[in-house]
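A closer look at the structure
Here's the letter readout for the chains.
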Amino acid sequence: MSRSRKLYTTGRNNFKRKPALERVYGWFRCGDCRKTWESAYVWNVKGTNKVYYKQDCKKCGCSKFPYKTEQIVCQVCHQKPCECDNKRHSDPLKNHIQKLCHKCKNKSQPCSSSS
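Here is a short report on the structure shown in this document. (Residues numbered from 1 in each chain as written. Predicted model: local features only at pLDDT ≥ 70, side-chain atom pairs only at ≥ 80, totals over all residues. Heavy atoms only, no water.)

1. Concerning the pattern of salt bridges
Taken as a whole and assessed by the stated rule, the structure comprises 1 salt bridge. For K105, the salt bridge is made with D56, and the minimal N-O distance between the two is 2.6 Å. Of this pair, K105 sits in the segment after strand 7 (68-70) while D56 sits in strand 5 (residues 55-56), and the two are 49 residues apart along the sequence. Judged by relative accessible area, which is 9%, D56 ranks as buried. (Salt bridge = Lys/Arg side-chain N within 4 Å of Asp/Glu carboxyl O. Helix = DSSP H or I, 4+ residues; strand = E, 2+ residues; numbered from the N terminus. Buried < 20%, exposed > 50% of the residue type's maximum accessible area, 1.4 Å probe, protein only.)

2. Remarks on the packing of aromatic side chains
Evaluated as defined, the whole model comprises 3 aromatic pairs. Where F28 meets W37, the ring centres are 4.9 Å apart and the plane angle is 5°; that geometry is what we call stacked. With respect to class, F28 is no different from W37; both count as buried. Centre to centre, the rings of Y52 and Y53 are 5.1 Å apart; their planes meet at 80°, and the pair counts as edge-to-face. Judged by relative accessible area, which is 16%, Y53 ranks as buried. Over the aromatic face of Y41 sits the side chain of R23, whose NZ or CZ is 4.3 Å from the ring centroid. In this arrangement the basic side chain of K103 is found over the ring face of W43, its NZ or CZ atom lying 4.5 Å from the centre. (Phe/Tyr/Trp six-rings, centres within 6.5 Å; stacked < 30°, edge-to-face > 60°. Lys NZ or Arg CZ within 6 Å of the ring centre and 35° of its normal.)

3. What to know about the nonpolar core
Residues V24, F28, C30, C33, W37, V42, V51 and C57 constitute the largest nonpolar core, which totals 8 residues. Of all the elements in the fold, those that place two or more residues in this core are strand 3 (21-29) and strand 4 (36-45). One finds Y41, W43, Y53 and C101 within the second-largest nonpolar core, a separate group that totals 7 residues. (Core = buried A, V, L, I, M, F, W, Y, C linked by side-chain atoms within 4.5 Å.)

4. Some points on the side chain of N44
Summarising the element assignment, N44 is placed in strand 4. By relative accessible area, N44 is classed as buried at 2%. With residues up to four places along the chain from it excluded, the contact list for N44 reads A20, L21, E22, V24, N49, K50, V51, Y52 and T69. (Contact = heavy atoms within 4.5 Å.)

5. Comments concerning the side chain of K103
Examined against the element boundaries, K103 turns out to sit in the segment after strand 7. Notably, K103 is buried but unbridged: the nearest opposite-charge side chain belongs to E22, and the N-O separation is 13 Å. Sequence-distant contacts of K103, defined by excluding residues within four places in its chain, comprise L21, W43, Y53 and C111. (Lys, Arg positive; Asp, Glu negative; His and termini not counted.)

6. Some details on the environment of R23
Assignment of secondary structure puts R23 in strand 3. Spatially, the C-alpha atoms of R23 and K46 are 8.7 Å apart, while their sequence positions differ by 23 residues. Reaching out from R23, the side chain makes a polar contact with the backbone oxygen of A40 at a distance of 3.0 Å. Within the local environment of R23, its side chain forms a polar contact with the side chain of Y41, the two groups lying 3.3 Å apart. (Polar contact = N/O pair within 3.5 Å; in protein donor to acceptor, adjacent residues only side chain to side chain.)

Structure (structure tokens):
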């Protein structure tokens, strides 16, 4: 059994350990309504190209994985990955829509506040 799928037990409850995640930039396309969008809050399993969480289409509500991802380019030092002390890489004027993101759905704070 691979490390990422290994079951850990505590007493009577079994649970899977969530793998380490890294934030990347992603491009989305809804096959149902043809809407496209981009997001700086896409979460890959660290060291892979496997996306862990989906996002919902704003127009029709379908859950989608991005068709393309890449490392985020820092807006200060313009490097992938960032080499400066400023770790805020997203546009502060553009909202992260919590109800469309499967990582921060039903949580008190959006995933944009923990990056």
